[in-house]
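# Working through the structure, step by step
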Amino acid sequence: MRALDALEAQRGHLFGWVPVMLAAGIGGYFALPQEPSALLWVALGAGALLAGLAVRLSGERRAPLFLALALICAGILLAGARVHLVAEPVLTYRFYGAVQGRVVGIDRSASDAPRLTLDRVWMERHAPDRTPARIRVSLHGAQGFIVPEPGMLVALTAHLSPPPAPSEPGGFNFQRRAWFERLGAVGYTRTPVLAMAAAEAGRGGLLIHRARMAISAAIRARMPGDEGAFAAAILTGDRSAMSAPMLQALRDANLAHLLAISGLHMGLLTGFVFAALRYGLSLIPPLALRLPVKKLAALMAIVAAGVYLALSGGNIATQRAFIMVLVMLLAVLFDRRALTLRAVAMAALIVLVLQPESLTEPGFQMSFAATTALVAVFGAARDWPETRPRPPGWARPVLAVFISSAVAGAATAPIGAAHFNQIAQYGLLANVLTVPLMGALVIPAAVLAAVLAPFGLAFVGLEIMRLGIIWILGMAEFVAGLDGATWPVVTPMAPVLPLMAAAMLWLILWQGRARLAGLLPVVAALFLWDQTERPALLISESGALLGVMGEAGRALNKPTGEGFVARSWLENDGDAALQDAAFARSGFSGEKGMIHAEISGRSFVQLSGRGWADRLEPACARRGWVILARKLDAAPPKGCVFLDQRALARTGAIAVFEGKDGPILIGAKHRAGRRPWTR
């Protein structure tokens, strides 16, 4: 009964737990090793209904417990429904041939190559009912014959493959992301892309795209170099002109979030528009006395946020940011307090219902972690008793900037470290020196430029904006150049982030001294992170790339090739080395064409190059596993296990761990489970 008494004491503060329980169900669904059976789906639906009925019949004291159970069941059902609603055909083999499709997305790949996303896809020698709904193609070779636009019908000769499985067991799951983006194939072309039909005139998406590109070009014409590229990125979402060194400096200084149009930009823009209109209209007595100035300002801020959403390209992060500010501004319209944990919970609930898969994305996790922590801290500061000491008025803005940067940085640091494998040592310094300028100068100047643009005076706002951007980029280069600016971090084991998130939510949402119990799971999560064991040996799905862990770090068997996989392995190790440096490390024995490594007393031998067949017998004589980057058609010699491309296609990339009774092998596809998005 003590538990019920404690729960009763939380009455009035329980709404914040609604999205948490829903998220628990969603997370549980994605953690399942295989898709639930039809019988289990029926049981979950019945459980949700019965728990919902129990909420009505059980009385006020027990109702929250049954509601939590109903929300968990609903989260599983919601995620499962979303998975099947977005289902589309996925390519099952490597394809080369003619492709046609309509351009629906234009961006750049990790290697900075232009990239097109196509729908209404036609593929030669491919049945229509098995043709992917969308494909994504990187453009290499001689291009520039057309200027792609959304809606344009294009033709090309493409190399396509199914979305790749994780590069190691438990690694980043691109297959799952591609499933929700309806991407059934990815690949590249080295031949020119040709236009088959122009983009449809009058389409809203095309008009917005052309407006975005025109604004981006005009900004970069007025502000050449990285300053103009930065301005174009934060106003239109077009980051194509940013130089690679500057992008890296922004990442190393923990300022890359300034380029992504997300919660910070949307909050700064709508906050400035709201404040400017509210105080501006208040200075006009006839309006201030007759009109609800505050609500008018909130309404216009919503309009400004919608325009910004459209001009920025409307990516997922911007959509989440729009929902967050929309909820808070609607609270103003309905005479509610805007910056509360209830408003944050409502925004999270809406996002999770619309896009349950976003729970697994770092953008969702970081944006809501920062927002929740900031609202909690400043809510506590707002309720600070008058009898206790307070900082002087002149110091409060400075203190607020420092606290907001420190709180947001601390809230997002574990998430960023887990997903991106590095911590910016001086990220707090960089953010304190730049974020205030974004809010006080850059964003207001951008609004000023937009207001003056119809009169041909946009250059006034852009010039003011440029001054702030010069400072921001200069600070990024300065901080990134400091010794030890970045600290590589190993990818934690799977339970670490959920455990840490649950603990921090308990600390923030639970009322009373019992909230301090949340510190124990935080310590436990950090301990588990520290105890994370990396594989002794990694084998890529192709069988061509191997990485063995040594005293100096992971040694790779070749200096080039499969660069994405090699980079992922090293980053997950918390290793900042490049592939060629990892190749120079010692770790493998043997000679070219027949290298081997010993794990728990067993041998792993890779055969490659000409004459590999002649080395089969001596390789098998080592009584271990033989790795071959080709398909073995003949019967293998006795005494060894072959990991050729046929076997690796079934298992995916393999991680080998040390074991007491011999090496333990885990396949990436086995770890990913039997889910709709796995192949």
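The structure under discussion appears in the preceding block.
In this report, the structure presented in the accompanying data block is examined.

### So, the pattern of salt bridges
Across all of its chains, the model carries 18 salt bridges by this definition. Measuring nitrogen to oxygen at the nearest pair gives 3.2 Å for the salt bridge that ties arginine 125 to glutamate 124. According to the relative accessible area criterion, glutamate 124 is partly exposed, its value standing at 25%. We note a salt bridge from arginine 136 to glutamate 181, for which the minimum N-O separation is 2.9 Å. With arginine 136 in strand 3 (residues 134-139) and glutamate 181 in the loop between helix 5 (174-180) and strand 5 (183-189), the pair connects residues that are 45 residues apart, well separated along the chain.

### Regarding the packing of aromatic side chains
Each aromatic ring pair is characterised by the separation of its centres together with the angle its planes make. Counted according to the given criterion, the structure contains nine aromatic pairs. Ring plane angle 70 degrees and centroid distance 5.3 Å describe the contact between tyrosine 29 and phenylalanine 30, whose orientation is recorded as edge-to-face. Each of the two residues, tyrosine 29 as well as phenylalanine 30, counts as buried. Stacked on the ring of tyrosine 29, the Lys or Arg arginine 675 has its end atom at 4.6 Å from the ring centre.

### Concerning the sheet that holds strand 14 (residues 602-607)
Taken together, five strands build an open sheet; the order of strands is 12-13-14-15-16 and the sheet is mixed. Each end of this open sheet is capped by a strand with a single partner; those strands are strand 12 (589-591) and strand 16 (641-643). Within this sheet the neighbouring strands show an average axis-to-axis angle of 20 degrees, counted without direction. Where strand 12 and strand 13 (residues 594-599) come together, three bridges link them in antiparallel fashion. Bridging across to strand 13, glycine 590 finds its partner in isoleucine 595.

### With respect to empty space enclosed by the protein
Summed over the entire model, instances satisfying the criterion amount to one cavity of 30 Å³ or more. What lines the largest cavity is simply Val90, Pro162, Pro163, Gln175, Ala178, Trp179, Leu183, Trp677 and Arg679. Looking at the lining of the largest cavity element by element, the count peaks at three residues for helix 5. For the lining of the largest cavity, the residue count by class is seven nonpolar, one polar and one charged.

### Notes on the layout of surface pockets
Counted as a void, the second largest pocket has a volume near 500 Å³. As for the second largest pocket, its lining consists of 20 residues, and the residues nearest its centre are Leu235, Leu311, Ala446, Val447 and Ala450. Counting only elements with at least two residues in the lining of the second largest pocket, the list comes to helix 6 (204-222), helix 7 (225-236), helix 9 (263-282), helix 11 (293-311), helix 16 (427-452) and helix 17 (458-480). At six residues, the largest contribution of residues to the lining of the second largest pocket is made by helix 16. The class makeup of the residues in the lining of the second largest pocket is 19 nonpolar, one polar and no charged.

### Describing the sheet that holds strand 9 (residues 537-539)
Taking strand neighbours across the sheet as the criterion, the five strands line up as 11-10-9-17-18 in an open arrangement whose pairing is antiparallel. Where the open sheet ends on each side, the last strands, each with one partner, are strand 11 (553-556) and strand 18 (664-667). The mean inter-strand angle of the sheet, taken between neighbouring strand axes irrespective of direction, is 20 degrees. Of the strand pairs in this sheet, strand 17 (residues 654-657) and strand 18 are connected by four bridges, and their pairing is antiparallel. Note on strand 18: the bridge partner recorded for phenylalanine 657 is isoleucine 664. Together, strand 9, strand 10 (546-550) and strand 11 form the strand contacts of helix 20 (residues 563-572), whose direction differs from that of strand 11 by roughly 165 degrees.

### Looking at helix 11
Its 19 residues give helix 11 an end-to-end C-alpha distance of 27 Å, which sits within 8% of 27 Å, the value for a rise of 1.5 Å per residue. Looking at helix 11, one finds that the buried residues are Val293, Ala297, Ala298, Ala301, Ile302, Ala304, Ala305, Tyr308 and Leu309. On its buried face, helix 11 is in contact with helix 7, helix 9, helix 10 (285-290) and helix 12 (316-333). A positive backbone phi angle near 100 degrees is found at glycine 313, which sits one or two residues after helix 11.

### Thoughts on the nonpolar core
Judged by nonpolar contacts, the single largest core of 87 residues is most densely connected at Tyr29, Phe230, Met242, Leu250, Phe368, Met438 and Met465. With near-sequence residues (within four places) excluded, phenylalanine 368 lies in contact with Arg320, Met324, Val344, Ala347, Ala348 and Val351.

### Focus: the environment of leucine 296
Within the element layout of this structure, leucine 296 appears in helix 11. Classification of leucine 296 as partly exposed rests on a relative accessible area of 34%. Separated by 141 residues in sequence, leucine 296 and alanine 155 place their C-alpha atoms 49 Å apart.

### Quick notes on a nonpolar patch on the surface
A contiguous nonpolar patch, built from Leu448, Phe455, Leu457, Phe459, Val460 and Ile464 and spanning about 490 Å² of accessible area, is present on the exposed surface. Top element by residues in the nonpolar patch is helix 17. It accounts for three residues. Following the sequence through the fold, phenylalanine 455 ends up in the loop between helix 16 and helix 17. For phenylalanine 455, a relative accessible area of 63% puts it in the exposed group.

### Details of the pairing of strand 5
The two faces of a sheet get side chains in turn, since along a regular strand they alternate between them. Among the seven residues of strand 5, five are classified as buried, and the element is accordingly described as predominantly covered. When strand 4 (residues 153-161) meets strand 5, the two strands line up antiparallel, connected through three bridges. Counted as the bridge partner of leucine 160 is glycine 187 from strand 5.

Parameters and conventions
Residues numbered from 1 in each chain as written. Predicted model: local features only at pLDDT ≥ 70, side-chain atom pairs only at ≥ 80, totals over all residues. Heavy atoms only, no water. Salt bridge = Lys/Arg side-chain N within 4 Å of Asp/Glu carboxyl O. Buried < 20%, exposed > 50% of the residue type's maximum accessible area, 1.4 Å probe, protein only. Helix = DSSP H or I, 4+ residues; strand = E, 2+ residues; numbered from the N terminus. Phe/Tyr/Trp six-rings, centres within 6.5 Å; stacked < 30°, edge-to-face > 60°. Lys NZ or Arg CZ within 6 Å of the ring centre and 35° of its normal. Pairing = 2+ DSSP bridges. Axes fitted to C-alpha atoms, helices over the stretch in contact; angles between N-to-C directions. 1 Å grid on protein atoms, 1.4 Å probe; cavity = no way out; pocket = protein on both sides within 12 Å on 5 of 7 lines; lining within 4 Å. Points joined across faces, edges and corners; volume = space filled by probe spheres on them. Nonpolar A, V, L, I, M, F, W, Y, C, P; charged D, E, K, R; others polar. Contact = heavy atoms within 4.5 Å. Expected span 1.5 Å × (residues − 1). Core = buried A, V, L, I, M, F, W, Y, C linked by side-chain atoms within 4.5 Å. Patch = residues over 30% accessible without salt bridge, like charges linked within 9 Å, V, L, I, M, F, W, Y side chains within 5 Å. Areas by Shrake-Rupley, 256 points an atom, 1.4 Å probe, with all protein chains shown as cover.

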